[in-house]
Amino acid sequence: MGFGALIIGDEIIRGKRQDKHFERLRAIMAARGLTLDWVLYQGDNRQRLIEALKRSLAGDDVVFSFGGIGATPDDHTRQAAAAAAGVPLALHPEAVEKIRARITSLNRPVTPAMLEMGDFPQGSRIIPNPFNGIPGFSYADHHFVPGFPEMAWPMVEWVLDTYYRDRFNAAPDVEAAILVWDGIEGLLVDLMERIERDYPGMTVFSLPSVGTETKRRHVELGVRGRPERVPLAMAEIEADIAQRGLSFERVEPAP
């Protein structure tokens, strides 16, 4: 089981707004010892949303979906989630109560369109919205929040703290790397394949650089995996690099 994010909106795809959710979600999760495994950007296209949600609902990932849960014609997320799950939309009584309370507090009439914001896939649970009281919803391990950052981010924190606290700081993976000076990525493939073969479940990564005025050409070569195994794998990598006659420098871990 991993964690994924679905970030929705034509305004992001077309460049009218810059996405802020990816970086913030990564930070929210990192503060709890969790990592994000994937991010998918989607425009306001209902059929594509249905297809994306069908795929993710068929897996076991925890998914955070940002945007498209309003009641305007370009909001498709609630309908797409219901279609992907194969259940009808149904007004959630508690959501309707909160929507009514919010609209009434503004001295505005409560319209059917406003109540539609509480029309969730049948079987959903609400996600409290501390900003304006209009809730999001959870269906299985999929959690749907508004696109507005000031609403979405505390709602995501509430979901993590409410449903996934048992996974916080559960021996998270670590990584280590070296800079192989004047290394050529293609000539290191055999080493990378051997490390992944000898250390099942470990990820080997390489980031080549053509160099700059202040730093010569190099390959950042490293591994990501369980804390007790990373030093063993790195020791093998360093020994192999030295045997090839290449010099290297260890990369200091991020604070």
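Shown above is the structure to which this text applies.
Residues numbered from 1 in each chain as written. Predicted model: local features only at pLDDT ≥ 70, side-chain atom pairs only at ≥ 80, totals over all residues. Heavy atoms only, no water.

*Asks:* Could you give me a rundown of the sheet that holds strand E12 (residues 248-250), with the residues and numbers involved?
*Replies:* Read across the open sheet, the four strands follow the order E10-E11-E9-E12; overall the sheet is antiparallel. Either end of the sheet is taken by a strand with one partner, and the two such strands are strand E10 (203-209) and E12. Strand-to-strand twist in this sheet, taken as the mean axis angle between neighbours without regard to direction, amounts to 20°. In terms of strand pairing, E10 meets strand E11 (residues 218-225) through seven bridges, oriented antiparallel. Across the sheet, residue Pro208 finds its bridge partner in E11, namely Val219. With respect to the sheet, helix H8 (residues 189-198) is in contact with E10 and E11, its orientation differing from that of E10 by roughly 160°. (Pairing = 2+ DSSP bridges. Helix = DSSP H or I, 4+ residues; strand = E, 2+ residues; numbered from the N terminus. Axes fitted to C-alpha atoms, helices over the stretch in contact; angles between N-to-C directions. Contact = heavy atoms within 4.5 Å.)

*Asks:* Could you give me a rundown of the nonpolar core, with the residues and numbers involved?
*Replies:* In this structure, Phe3, Leu25, Phe64, Phe66, Val156 and Leu160 are the most contacted members of the largest nonpolar core, which totals 23 residues. Here this core gets seven residues from one element, more than from any other, and that element is helix H7 (residues 149-163). Excluding anything up to four places from it in sequence, Phe64 contacts Phe3, Gly4, Ala5, Leu6, Leu25, His143, Val156, Val159 and Leu160. If you look at the next biggest cluster of nonpolar residues, it comprises 17 residues, including Tyr199, Val219, Val223 and Ile241. (Core = buried A, V, L, I, M, F, W, Y, C linked by side-chain atoms within 4.5 Å. Buried < 20%, exposed > 50% of the residue type's maximum accessible area, 1.4 Å probe, protein only.)

*Asks:* Explain the packing of aromatic side chains to me, and be specific about the residues and the numbers.
*Replies:* The tally for this structure, following the rule as stated, stands at five aromatic pairs. An angle of 15° between the planes, with centres 4.5 Å apart, marks the rings of Phe137 and Phe144 as stacked. The residues Phe137 and Phe144 share a single accessibility class, namely buried. Ring centres of Tyr163 and Tyr164 lie 6.2 Å apart, and the angle between their planes is 65°; this geometry places the pair in the edge-to-face category. What makes Tyr163 partly exposed here is its relative accessible area of 30%. In this structure Tyr164 comes out as buried when scored by relative accessible area, which is 5%. A connected cluster of aromatic rings, assembled from ring pairs, spans Phe3, Trp158, Tyr163 and Tyr164. (Phe/Tyr/Trp six-rings, centres within 6.5 Å; stacked < 30°, edge-to-face > 60°.)

*Asks:* Explain H8 residue by residue, including any values.
*Replies:* All buried positions along H8 are accounted for by Leu191, Met192 and Ile195. The buried residues of H8 all sit within an arc of 100° when viewed along its axis, so they share a single face. Facing away from the buried side of H8 by more than 90 degrees, the exposed set consists of Glu193 and Arg197. The secondary structure elements touched by the buried residues of H8 are E10, E11 and helix H9 (230-243). (Arc of directions from axis to C-beta.)

*Asks:* Describe the sheet that holds strand E3 (residues 62-66), with residues and values.
*Replies:* Ordered by their spatial adjacency, six strands build an open sheet running E2-E1-E3-E8-E7-E6, and the pairing between neighbours is mixed. Edge positions in the sheet fall to strand E2 (38-42) and strand E6 (125-127), since each has one partner strand and no second. Neighbouring strand axes in the sheet, compared pairwise and without regard to direction, differ in orientation by 20° on average. For strand E7 (residues 136-139) and strand E8 (residues 142-145), the ladder comprises three bridges, and the chain directions are antiparallel. Bridging from a neighbouring strand, Tyr139 pairs with His142 of E8. Strands in contact with helix H4 (residues 77-85) are strand E1 (3-8), E3, E7 and E8; relative to E7, the strand with the most contacts, it is inclined by about 10°.

*Asks:* Provide a residue-level description of unusual backbone geometry, including the pertinent values.
*Replies:* Even without being glycine, Ala140 reaches a positive phi, approximately 55°. By the secondary structure assignment, Ala140 is in the loop between E7 and E8. Residue class for Ala140 comes out partly exposed when judged on its relative accessible area of 42%. Here Asp182, not a glycine, exhibits a phi torsion of approximately 60°, which is positive. Along the chain, the position of Asp182 falls in the loop between strand E9 (174-181) and H8. Judged by relative accessible area, Asp182 falls into the partly exposed class, the value being 37%.

*Asks:* I'd like to hear about the environment of Thr35, residue by residue, with values.
*Replies:* Examined against the element boundaries, Thr35 turns out to sit in the loop between helix H2 (21-30) and E2. Placed 137 residues apart in sequence, Thr35 and Pro172 show a C-alpha to C-alpha distance of 8.1 Å. When sequence neighbours within four positions are dropped, the list of residues in contact with Thr35 reads Phe3 and Met29.

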